[in-house]
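# Understanding the architecture of this molecule
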Amino acid sequence: MIPVEPEILIASEIVAAMHQVAIGAAENAAFAFHDAAALGTRLNLLVNTDSEQEALAAAQRARTEIDRLNSILNWRDPASELSQLNQSRRHVASPDLLAVIAAAERWRETTGGAYSGRLGRVLELWRKAQSSPPDAAEVERLAAAARTANIEIDLAARTIVRPEAVHFDLDGL
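These notes cover the structure that comes with them.

About the criteria used
- Residues numbered from 1 in each chain as written.
- Predicted model: local features only at pLDDT ≥ 70, side-chain atom pairs only at ≥ 80, totals over all residues.
- Heavy atoms only, no water.
- Core = buried A, V, L, I, M, F, W, Y, C linked by side-chain atoms within 4.5 Å.
- Buried < 20%, exposed > 50% of the residue type's maximum accessible area, 1.4 Å probe, protein only.
- Helix = DSSP H or I, 4+ residues; strand = E, 2+ residues; numbered from the N terminus.
- Contact = heavy atoms within 4.5 Å.
- Polar contact = N/O pair within 3.5 Å; in protein donor to acceptor, adjacent residues only side chain to side chain.
- Pairing = 2+ DSSP bridges.
- Axes fitted to C-alpha atoms, helices over the stretch in contact; angles between N-to-C directions.
- Expected span 1.5 Å × (residues − 1).

## Side note on the nonpolar core
One finds Leu82, Leu85, Leu97, Ile101, Ile160, Phe168 and Leu170 to be the most contacted residues of the largest nonpolar core, which totals 16 residues. Of all the elements in the fold, those that place two or more residues in this core are helix 3 (81-86) and helix 4 (95-110). Sorting elements by how many residues they give to this core places helix 4 first, with four residues. Once residues lying within four places of it in the same chain are set aside, the contact partners of Phe168 are Trp75, Leu82, Leu85, Asn86, Ile101, Glu105, Gly117, Arg118, Ile151 and Arg162. Counting residues in hydrophobic clusters, the runner-up holds six residues, among them Ala29, Phe33, Ala55 and Ala59.

Structure (structure tokens):
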């Protein structure tokens, strides 16, 4: 897990959006938190602690970390670091983005391409498809181009060189 910076504070509107319910007795209680809007889905968090205050603080730290990673990895947000990478050929990456891209590439190799974070252009075709699937030849052309593209990752310099055929979508990872 990536450490949370202690000086980062959660926004009050996020705290207000999280609903908390205590389960069990006050001692060693489990506190459940639910947020209907986190990373494009719902968040259910269970915190075991002796204190409601400690549970809320833990939930706030978890949500702060989720929001921080969202600002890095959310392809839907044009201001995210992943979107910036997808708009440039060469990107100096944060340690977090670099680690996730490197992990995605390892999983692509390990699975023989069954998993690939490179298929953002293919996924975009499917997202734009209305009542019928996208053209199969176009899907195959984009997938083949992404599959054979040469991505350069320099861990020491924290750079990623992304060919035009590759558009990262890391939701599967």
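The structure having been displayed, the exposition proceeds.
## Some thoughts on the side chain of Ser94
Relative to the helices and strands, Ser94 resides in the loop between strand 4 (90-92) and helix 4. A relative accessible area of 17% means that Ser94 is categorised as buried. Here the side chain of Ser94 touches Glu81 through a polar contact of 2.7 Å, side chain to side chain.

## A closer look at the pairing of strand 3 (residues 41-49)
As paired strands, strand 2 (residues 29-38) and strand 3 are joined by eight bridges and run antiparallel to one another. Looking across to strand 3, one finds that Phe33 is bridged to Leu45. Linking strand 2 to strand 3, which pair antiparallel, is a turn of two residues; within it Leu39 sits at a positive phi near 55°.

## Quick notes on the sheet that holds strand 5 (residues 152-154)
Strands sit in the order 4-6-5 across an open sheet of three strands; the sheet is antiparallel. Of all the strands in the sheet, just strand 4 and strand 5 have a single pairing partner and so form its edges. Across the sheet, the mean angle separating the axes of adjacent strands is 10° when strand polarity is ignored. Relative to strand 6 (residues 159-161), strand 4 runs antiparallel, the two sharing three bridges. When the sheet's bridge partners are listed, His91 is paired in strand 6 with Ile160.

## Section: the side chain of Asp35
Structurally, Asp35 is set in strand 2. Of the polar contacts made by the side chain of Asp35, one reaches the backbone nitrogen of Ala37; its length is 3.0 Å.

## Observations regarding helix 4
Given a rise of 1.5 Å per residue, 16 residues ought to cover 22 Å, and the 22 Å separating the end C-alpha atoms of helix 4 matches this to within 8%. For helix 4, every residue scored as buried is listed here: Asp96, Leu97, Leu98, Ile101, Ala102, Ala103, Ala104, Glu105 and Arg108. Residues of helix 4 that are buried in the fold lie against helix 2 (52-73), helix 3, strand 4, helix 6 (136-148), strand 5 and strand 6. After helix 4 finishes, the residue Gly112 shows a positive phi value of roughly 65°.

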